[in-house]
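# Examining the three-dimensional arrangement
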Amino acid sequence: MARKYTSKINKIRTFALSLIFVGFIIMYIGVFFRTNMWVMTIFMMLGMLSIIASTVVYFWIGMLSTKAVQVTCPNCGKHTKILGRVDMCMYCKEPLTLDKDLEGKEFDESYNRKKLK
């Protein structure tokens, strides 16, 4: 089965959004333990830590996004950002690269890993 590829920036943003929802779910579970104040407090703190972690991830990807190379996608014509050697268009999922050695090759995320010599 073929793996669905997405833009790296969108993957990280999706992860941060899921941290927010997980945090709310953890805090909601804590409400069921109203009779035991310590357990409820622990769940509330864990949920809050998840939401704080989401804020940190959103800040980090925002800073990373400002340094990303902005290109025009040849397929859809929209501006998109590239992180690493290969990435996907945020809109049409077209494989993109700035490396001349990788042009025309099959898309593979392993091209972004550093080779150990």
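Because the structure is predicted, anything quoted here is derived from the model rather than measured. (Residues numbered from 1 in each chain as written. Predicted model: local features only at pLDDT ≥ 70, side-chain atom pairs only at ≥ 80, totals over all residues. Heavy atoms only, no water.)

## Brief notes about the packing of helix α1 (residues 8–31) against helix α2 (residues 37–67)
Contact pair α1 / α2: the axes reach a minimum separation of 7 Å and the direction vectors enclose 165°. For the element pair α1 / α2, the angle class is roughly antiparallel. Our pair here, α1 against α2, has a crossing hand that is left-handed. Among the residues forming the contact of α1 with α2, the class breakdown is 24 nonpolar, six polar and one charged. (Axes fitted to C-alpha atoms, helices over the stretch in contact; angles between N-to-C directions. Helix = DSSP H or I, 4+ residues; strand = E, 2+ residues; numbered from the N terminus. Parallel < 35°, antiparallel > 145°, perpendicular 65-115°, else oblique. Left-handed = near helix turned anticlockwise from the far one by under 90°. Nonpolar A, V, L, I, M, F, W, Y, C, P; charged D, E, K, R; others polar.)

## Re the environment of G77
Among the secondary structure elements, G77 is positioned in the loop between β1 (69–72) and β2 (79–82). Take G77: its relative accessible area is 46%, and that puts it in the partly exposed class. In the structure, G77 is positioned 15 residues away from C92 in sequence and 9.7 Å away in space, judged by C-alpha atoms. (Buried < 20%, exposed > 50% of the residue type's maximum accessible area, 1.4 Å probe, protein only.)

## A short note on the side chain of S50
Within the secondary structure, S50 sits in helix α2. Within polar-contact distance, the side chain of S50 engages the backbone oxygen of L19 at 2.7 Å. (Polar contact = N/O pair within 3.5 Å; in protein donor to acceptor, adjacent residues only side chain to side chain.)

## Looking at α2
Over its 31 residues, α2 runs 45 Å from end to end, which matches the ideal 45 Å to within 8%, given 1.5 Å per residue. Within α2, the full set of buried residues consists of M40, G47, S50, I51, S54, V57, I61 and S65. Each element contacted by the buried residues of α2 is listed here: α1 and β2. (Expected span 1.5 Å × (residues − 1). Contact = heavy atoms within 4.5 Å.)

## Notes on the UniProt feature "transmembrane region" (unreviewed entry) in the chain
When the UniProt feature table is mapped to this numbering, "transmembrane region" (unreviewed entry) covers residues 12–31 and 37–61. For the annotated span residues 12–31, helix accounts for 100% and strand for 0% of the residues, and the straight-line distance between the end C-alpha atoms is 29 Å. The span residues 37–61 is 100% helix and 0% strand, and its two end C-alpha atoms sit 36 Å from each other. (UniProt positions renumbered as here; feature names shortened; annotations may be inferred.)

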